[in-house]
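Breakdown of the fold
Single-letter residue listing:
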Amino acid sequence: MSELMILGAGAGNFCANTSEILGLVGWALTIIKIAIPLIIIALGLIDLGKAAISSKPEEVKKTATSLVWRFVGGIVIFFIPTIVMLIFGFVSKFSDAQAQMDFNVCYKCITVPWDGECVNAVREY
């Protein structure tokens, strides 16, 4: 029972306690947000080049359609973390000041892990 009370006591400052892990998650998300569009562009250009060399109009049309869908998927993947953080930001507005400051630490560590803002947010907390 006392273990549960200890876990519950730290629940209010979850983001401050896990700021290093959240910073790593922020770096991973940043790398993914850069790598996925580059991979989509590279694969799309390779496929489009192959289709253009084959000289079949239906193959070029099929590849162009595939490239458009890959592009849409890349945009969705790029904006998913931003949309999730925006939704959590709206939810945190309904919380008390302590929870809002803790969310600010999470937000800074995930969205801007490279600028020292995560460390500053933990210090301000």
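Residues numbered from 1 in each chain as written. Predicted model: local features only at pLDDT ≥ 70, side-chain atom pairs only at ≥ 80, totals over all residues. Heavy atoms only, no water.

**As for the environment of F79**
Note the cut-off: The way it works is that DSSP assigns letters per residue, a run of H or I at least four long becomes a helix, a run of E at least two long becomes a strand, and they are numbered from the N terminus.
Checked against the element boundaries, F79 lands in helix α4 (residues 57-92). Between the alpha carbons of F79 and K33 there is a distance of 8.4 Å; along the sequence they are 46 residues apart.

**Thoughts on the side chain of S19**
Convention followed: Any pair of residues with heavy atoms lying within 4.5 Å of one another is described as a contacting pair.
With respect to the helices, strands and loops of the structure, S19 is situated in helix α3 (residues 19-54). Excluding anything up to four places from it in sequence, S19 contacts V105, C109, C118 and V122.

**Some thoughts on the packing of α3 against helix α5 (residues 97-111)**
Describing two packed helices takes the angle between their axes plus the distance from one axis to the other. So the rule is basically this: To obtain each axis, a line is fitted to C-alpha atoms, and for helices this fit is confined to the stretch in contact; angles are then taken between N-to-C directions over 0 to 180 degrees. For classification purposes, an angle smaller than 35 degrees is called roughly parallel, one larger than 145 roughly antiparallel, one from 65 to 115 roughly perpendicular, and anything else oblique. Three classes are used: nonpolar for Ala, Val, Leu, Ile, Met, Phe, Trp, Tyr, Cys and Pro, charged for Asp, Glu, Lys and Arg, and polar for all others, with Gly counted as polar.
It is at 6 Å that the axes of α3 and α5 come closest, and there the two elements cross at 40°. The angle between α3 and α5 falls in the class oblique. On α5, the residues that touch S19, L22, G23, G26 and L29 of α3 are V105, C106, C109 and I110. Across the contact of α3 with α5, the residue classes tally to six nonpolar, three polar and no charged.

**Remarks on the nonpolar core**
Rules: In plain words, nonpolar cores are sets of buried Ala, Val, Leu, Ile, Met, Phe, Trp, Tyr and Cys residues tied together by side-chain atoms within 4.5 Å. Burial classes: relative accessible area under 20% of the type maximum marks a residue as buried, over 50% as exposed, and values in between as partly exposed (1.4 Å probe, protein chains only).
Ranked by size, the top nonpolar core spans 10 residues in total: C15, L22, M85, F103, V105, C106, C109, I110, C118 and A121. Among the elements of the structure, α5 and α6 (117-124) are those that each provide at least two residues to this core. Top element by residues in this core is α5. It accounts for five residues. For I110, the contacting residues outside a window of four places in its chain are L22, G26, L29 and M85.

**Thoughts on α5**
Our working definition: A helix is expected to reach a length of 1.5 Å times the quantity of its residues less one. Working note: the arc is built from the helix axis to C-beta atom directions.
Here α5 is 15 residues long and its end C-alpha atoms lie 21 Å apart, about the 21 Å a rise of 1.5 Å per residue gives. Listed in full, the buried residues belonging to α5 are D102, F103, V105, C106, C109 and I110. Projected onto a plane normal to the axis of α5, the buried residues spread over an arc of 150° and lie on a single side.

**Structural notes on the packing of aromatic side chains**
Which entries qualify depends on this criterion: Each pair of aromatic rings taken from Phe, Tyr and Trp, with Trp reduced to its six-membered ring, is defined by centres within 6.5 Å and is described as stacked if the planes are under 30 degrees apart, edge-to-face if over 60, and tilted in the remaining cases. Charge-over-ring contacts are defined here by two conditions on Lys NZ or Arg CZ: a distance within 6 Å of the ring centre and an angle within 35 degrees of the ring normal.
Under the defined criterion, the tally for this structure stands at two aromatic pairs. For the ring pair W27 and W114, a centre distance of 6.1 Å and an interplane angle of 65° mean the geometry is edge-to-face. In this pair, W27 is assigned in helix α3 and W114 in the loop between α5 and α6, connecting sequence segments 87 residues apart. Taking the relative accessible area as the measure of exposure, W114 reaches 46% and is therefore partly exposed. Taking the centre distance of 5.1 Å and the plane angle of 90° together, the rings of F78 and F79 count as edge-to-face. By relative accessible area, which is 41% here, F79 ends up partly exposed. Here the basic side chain of K33 rests over the ring of F78, its NZ or CZ set 4.8 Å away from the ring centre.

**Quick word on the state of the cysteines**
Worth spelling out the cut-off: Throughout, a disulfide means two cysteine sulfur atoms within 2.5 Å of one another.
Taken as a whole, this structure holds one disulfide when the rule is applied. What pairs with C15 in a disulfide is C106, and their sulfur atoms sit 1.5 Å apart. Its S-S torsion of about -80° marks the bond between C15 and C106 as left-handed, since a negative value means left-handed. Note that C15 is positioned in helix α2 (residues 14-17) and C106 in helix α5, a separation of 91 residues in sequence.

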